[in-house]
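# Descriptive structure summary
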Amino acid sequence: ETGVTQSPTHLIKTRGQQVTLRCSSQSGHNTVSWYQQALGQGPQFIFQYYREEENGRGNFPPRFSGLQFPNYSSELNVNALELDDSALYLCASSLEAAGELFFGEGSRLTVL
Amino acid sequence: GQQLNQNPQSMFIQEGEDVSMNCTSSSIFNTWLWYKQDPGEGPVLLIALYKAGELTSNGRLTAQFGITRKDSFLNISASIPSDVGIYFCAGAAGNYGGATNKLIFGTGTLLAVQP
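Attention in this report is confined to the structure presented alongside it. (Residues numbered from 1 in each chain as written. Chains lettered and ligands numbered in written order. Predicted model: local features only at pLDDT ≥ 70, side-chain atom pairs only at ≥ 80, totals over all residues. Heavy atoms only, no water.)

### Here's the deal with the overall build of chain B
Scanning chain B from N- to C-terminus turns up zero helices and eleven strands. Start at the N end of chain B and walk to the C end: the helices and strands fall as β-β-β-β-β-β-β-β-β-β-β. Taken over C-alpha atoms, the radius of gyration comes to 14 Å for chain B, in line with the 13 Å a tight globule of 115 residues would show. Of all 115 residues assigned to chain B, the portion counted as buried reaches 45%. (Helix = DSSP H or I, 4+ residues; strand = E, 2+ residues; numbered from the N terminus. Rg over C-alpha atoms; globule rule 2.2 N^0.38 Å. Buried < 20%, exposed > 50% of the residue type's maximum accessible area, 1.4 Å probe, protein only.)

Below, the structure is given as structure tokens:
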């Protein structure tokens, strides 16, 4: 148990729809990072939020956006879903921007 | 997206055997990390390495940060059934105490241990 909780755990969407995934960070952590893990692959960095500001972004299109709230919880939004967006979305929190990452169990998104 | 090369892709071993896996990159990293991921869960950090040439142990696990800073190795001694899972290496271009902890993950090594 890392203390990082994600919701929902599983969801199914159709192409073109929009999705919001949520993450509650571990108590005391002010940084949240999001990763996408396709089946059989390692996680890929999407972006990081540090004290409510985006602090680094991976090679993902603008339809992937995020938000961090004053309590340091975070949302990942994906617009205009494509089939290739089907993946496990992992949230990780850390104490400060460069601290050890503690991962949640992920949200499994299936796009049909 | 960029991923590090991990070898082997999978290993099927008997309980009690030792295991070795490695990870290589075309880029230099200042931090190397090894994670284990069980089915339905997120990755869990096993070992962190911060200096080229560093050798670090965590119980039966030993990892090394390659001298070239482009590779890392993980050894598991006397494997047990609960070692089953997927092992990922990850590199960070910045220092783990630096400005960001964006990680580049490897392709993973699936370990199966037969009792």
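### Quick word on the nonpolar core
Within the largest apolar cluster, 22 residues are counted, with the highest numbers of intra-cluster contacts made by Trp32, Trp34, Leu74 and Leu111 of chain B. Every element with two or more residues in this core is listed here: β2 (10-14), β3 (19-24), β4 (31-37), β5 (44-49), β7 (61-65), β8 (71-76), β9 (85-92) and β11 (109-114) of chain B. By size, the runner-up hydrophobic cluster in this structure holds 20 residues, among which are Val19, Cys23, Phe60 and Phe64 of chain A. (Core = buried A, V, L, I, M, F, W, Y, C linked by side-chain atoms within 4.5 Å.)

### Description of the pattern of salt bridges
Within the structure shown, the criterion is met by six salt bridges over all chains. Arg63 of chain A is paired through a salt bridge with Asp85 of chain A; the nearest N and O atoms lie 2.8 Å apart. Of this pair, Arg63 of chain A sits in the loop between β6 (53-57) and β7 (64-68) while Asp85 of chain A sits in the loop between β8 (74-78) and β9 (87-94), placing them 22 residues apart in sequence. One exposure class covers both Arg63 of chain A and Asp85 of chain A, and it is buried. Notably, a salt bridge pairs Asp83 of chain B with Arg60 of chain B, separated by 2.8 Å at the nearest N-O pair. Residue Asp83 of chain B is found in the loop between β8 and β9, and its partner Arg60 of chain B is found in the loop between β6 (55-58) and β7; the two are separated by 23 residues along the sequence. Salt bridges linked by common partners bring Arg63, Glu82 and Asp85 of chain A together as one network. (Salt bridge = Lys/Arg side-chain N within 4 Å of Asp/Glu carboxyl O.)

### Re the interface of chain B and chain A
On the chain A side, the residues contacting the 23 residues of chain B number 22 residues. For the pair chain B and chain A, the summed buried surface comes to about 1,600 Å²; carbon and sulfur atoms form 49% of the total. Counting every contact that joins chain B to chain A gives zero salt bridges. The tally of links between chain B and chain A comes to four residue pairs in polar contact (both at pLDDT 80 or more). Classifying every residue of the side of chain B that touches chain A by side-chain character gives eight nonpolar, 13 polar and two charged. (Contact = heavy atoms within 4.5 Å. Buried area = accessible area lost by both parts, 1.4 Å probe. Polar contact = N/O pair within 3.5 Å; in protein donor to acceptor, adjacent residues only side chain to side chain. Nonpolar A, V, L, I, M, F, W, Y, C, P; charged D, E, K, R; others polar.)

Coordinates in, geometry out; function isn't part of it.
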